[in-house]
Amino acid sequence: MKILIIEDEQDMLDTMKNFLEKENFVVETAVSILEARDKIGIYEYDCILLDINLKDGNGLELLKDLKEKEIEDGVIIVSARNSLDDKLEGLNLGADDYLAKPFHMAELNARVKAVLRRRQFKGANKINIANVSVDLDEHTVHVDETELSLNRKEFEILLFFCSNQNRLVNKTALAEHVWGDHIDQADSFEFIYSQIKNLRKKLSVAKAELEIKAVYGIGYKLVVL
Amino acid sequence: MKLQNYTTSYFAGVLLVLLSIWAVIFYLEMLDEIYDSLDDGLENQKMLVIQRAKEQTDILNKPEFDDGSYTIKKVSPNYGLQFKDTYRDTLMYMQNEDDFEPVRMLESVFKLDNSYYKIKIVTSMVEEDDLIEDLLFSLIMLYLGLIVSILLLNNFILKKIWNPFYLLLNQLKDFRIDKDKTITTSPSKIDEFNLLNKRIEQMLGKSVESYNSQKQFIENAAHELQTPLAISINKLELLVENNNLTEDQIAMIASALNNLEGLTRMNKSLLLLSKIENSQYDDDETVNLAEISKELIEDFQDLATHKGMKINFVEAGSLNISMNRQLARVLISNLFKNAIIHGAEENTIEVKVSNDKFSVSNAGRTEALNPDKIFSRFQSIRTSKRSNGIGLAISKAITERYNLNLNYEFTGRHNFYITR
C-alpha cells in the first residue's frame, strides 16, 4: 500500500510518516504542490493525505487537478483550519474524508484504513484478526463462526482497535472517535472503562484470541494472544 | 431624567420661588400706592367739604352718611384739640353689593367759628380679596406662560443646539466593540461638541484596535499552538509504544500526555471562543433545540450513567432558533457537560424544552453560584481537573451572538436556561 503525504510542516510530516510506516505502508512525502504534482504524475498512490495550506498554494487546487485528470487515488484532506466551508468544498471536489488538525495518529490510521478498504473491496469488506472477523457492512462481529452481540458503541470501539492493532490507542482519541468531538472535555474518560470492560468480557466469553490491554494512564492496546 | 426635562424642572422650580417673592413685593407695593392715592383723595375731599361747610352751615350737622360720603358732628373743644387725623380701613354696607364692603375712612377734626367738628369721610376702596385673586390668576398665567416658553425653547432651540450631542449619544447606545460599526460624527459650530466628538472617536478607535488585536492574538496563539501540541502528543505516544519502558517511565509519559491533552482542550476552546466572537460561523439554519437535545442526550448517556445520573428529558414544546447548527450543538453540549461534571452523583439532570425556553438543571452544591462570574472565562469551581472553565463562557458567547439570553438561577437545584 502506497501513501503520499503532502504537508509542509516538517515535524508533522515526520510524525505521520513514522507512524504509517510502522503500519507497513510505503510512505512518500511532498512538501509543496509542485513536488506533489511531480509525484502524482509519475506514481500511483492508494491514499493521499493532503494539507490545504501549503506554501505554494491551496491544496484544494491540487484536488481539482486530480479529479480532472481522473486519477482515482483516495484523498483525505488534512486541514488546520477546521472550517466547515473547507470541509464541504473538499468533499464536493471528491475527497474521501476530511480530518481537522490536530488529530490523533490512531484516528488518522483508522481513517486511512477505512478509505483503503472502501476503495479495495468496493464496499464489501471485512477485517479479520486472529479468529475474529468484523463485517463493516453488516456491522456484525464473528468469533470463529459464532456471532458476537455488541451494541453500537462496543462495535465502534472494537473497529477502532482493529484499525490500530498493536498500537497504543489514547483514550482521548478513542472517546472522540466513538462519542464525538463534543465529549472531549468530559470529566475524565473513566466512563469509557465500563464499555471496555463489557467488550473485554464478551470477547473472552466467546474465546476470541484478542485482548484489549490497558496501557497505564494513557489508553489501550489491542493485541493478538 | 432627560437633560432637557432636567433643565426645565430646574427653571420651573426657580421661577416658582422667584415669582412668589416677586408677587408678594409687587402686591405690597401696589397696595401701598393705592392707599397713598386714596388717602390723598380723602384729604382733598375733606378740604372741599370744609370749604363748603363755611358757606352751607346746614351740613355741619350730618350724623349719617345717607347718600353722601361724609358725616360731620360737633365735638367738645377738648376732644377736638386732642384728636389726630386717622386713616383706617373699615367695613360699610353697600346697597349694590348687598354686603359689607371695605372702605377707607378719614377721621379728622376741624375748627369753624370757634366750634370743633369731627368729620368722617369714606371712599370705596379695592376689595383686597378680589385683588389677590386677580393677581394670583395673572401670576399663574404668567408662570404657565413662562414654563411653556421654556419648554418650547428647550424643544426647538436647545434640541437644535444639543443635536450633535444626541447624535453621538444615540450611536454610543448601539455601539458594540465586537461589531464592525464605527461612530460617525459631523462637525458642529460648538467647540465643546467638536472636542467631545474628536475625543470619543479617538478613544473608541483605540479600544476597537486593541480589542481586535487582542482577539487576533488569542486566535493566532491558539492556532499556532495546535500543531506543536499535536506533534508532542503524537511523539510521546510513539515513545510509549516502545516496549522497553518501565512502568515508572510510562507513568511519567502518561502524566505529560494528560497535561498536554488538557492544554489541547483549552486551546481548542479558546480557538472556538475567538471564532465565535469573530463571527466566523455564519451559515444559519432553523435549528430545533429539542431535536439536538435528544441527539446529544444519547451521546452523553454513557457519561451520565457512569456517574449514576439519569437524564430526564421533557419536551413541552418545540424551540426553533435560526443559528449555526454546529454552534447549537456546542451550546447545548456545554450545558450538558456542565451539568454532568458539576452535578451530584446518583441524581437526575432535568432537560426541558418549551416553546420559549430551554433549561438544564442539576443538583449539586447547596449554595447558589455567583451569577455575575459564572459565565466569565476560567471562573469555574475546580471540582474537576477536566473542566477548564471555558465551557459556559463559550455558551454565553454563542447565545450573545444570536441575541438569546443564557441565565443562571438557583432554586435548590442549579438551573441554566436559554430564552429568546
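Residues numbered from 1 in each chain as written. Chains lettered and ligands numbered in written order. Predicted model: local features only at pLDDT ≥ 70, side-chain atom pairs only at ≥ 80, totals over all residues. Heavy atoms only, no water.

(A) Expanded view of the pairing of strand β4 (residues 115-124) of chain B. Residues and elements named next belong to chain B. Of all 10 residues in β4, seven are buried; the element is thus mostly enclosed. Two elements, strand β1 (residues 70-75) and β4, share six bridges in a ladder whose sense is antiparallel. Looking across to β4, one finds that valine 75 is bridged to tyrosine 116. With 10 bridges joining them, strand β3 (residues 99-112) and β4 adopt antiparallel strand pairing. The residue bridging valine 109 from the neighbouring strand is lysine 118, located in β4. Remark: two residues form the turn of the hairpin made by β3 and β4, two consecutive strands paired antiparallel; aspartate 113 in that turn has positive phi of roughly 50°. (Buried < 20%, exposed > 50% of the residue type's maximum accessible area, 1.4 Å probe, protein only. Helix = DSSP H or I, 4+ residues; strand = E, 2+ residues; numbered from the N terminus. Pairing = 2+ DSSP bridges.)

(B) Region of the structure containing the sheet that holds strand β8 (residues 348-353) of chain B. Residue and element names in this part refer to chain B. Strand order in the open sheet made by the five strands is β6-β8-β9-β11-β10, with mixed pairing throughout. Strands with a single pairing partner mark the edges of an open sheet, and in this sheet they are β6 (310-315) and β10 (405-410). Along the sheet, successive strands turn relative to each other by an average axial angle of 15°, direction set aside. Where β8 and strand β9 (residues 357-362) come together, five bridges link them in antiparallel fashion. Paired with valine 353 across the strands is phenylalanine 358, a residue of β9. In the packing of helix α6 (residues 289-306) onto the sheet, the strands contacted are β6, β8 and β9, and the crossing angle to β6 comes to about 170°. (Axes fitted to C-alpha atoms, helices over the stretch in contact; angles between N-to-C directions. Contact = heavy atoms within 4.5 Å.)

(C) How the structure looks around the domain arrangement of chain B. As assigned here, chain B comprises domain 1 (3-131), domain 2 (192-277) and domain 3 (285-419). Taking only C-alpha atoms, the centre of domain 1 of chain B and the centre of domain 2 of chain B are 99 Å apart. (Domains from an automatic or database assignment.)

(D) Representation of a nonpolar patch on the surface in the model. Residue and element names in this part refer to chain B. A contiguous nonpolar surface patch, about 560 Å² in accessible area, is contributed by Val148, Leu152, Leu153, Phe156, Ile157 and Ile161. Looking at the secondary structure, you find isoleucine 157 in helix α3 (residues 128-174). Classification of isoleucine 157 by relative accessible area gives partly exposed; the value is 43%. (Patch = residues over 30% accessible without salt bridge, like charges linked within 9 Å, V, L, I, M, F, W, Y side chains within 5 Å. Areas by Shrake-Rupley, 256 points an atom, 1.4 Å probe, with all protein chains shown as cover. Salt bridge = Lys/Arg side-chain N within 4 Å of Asp/Glu carboxyl O.)

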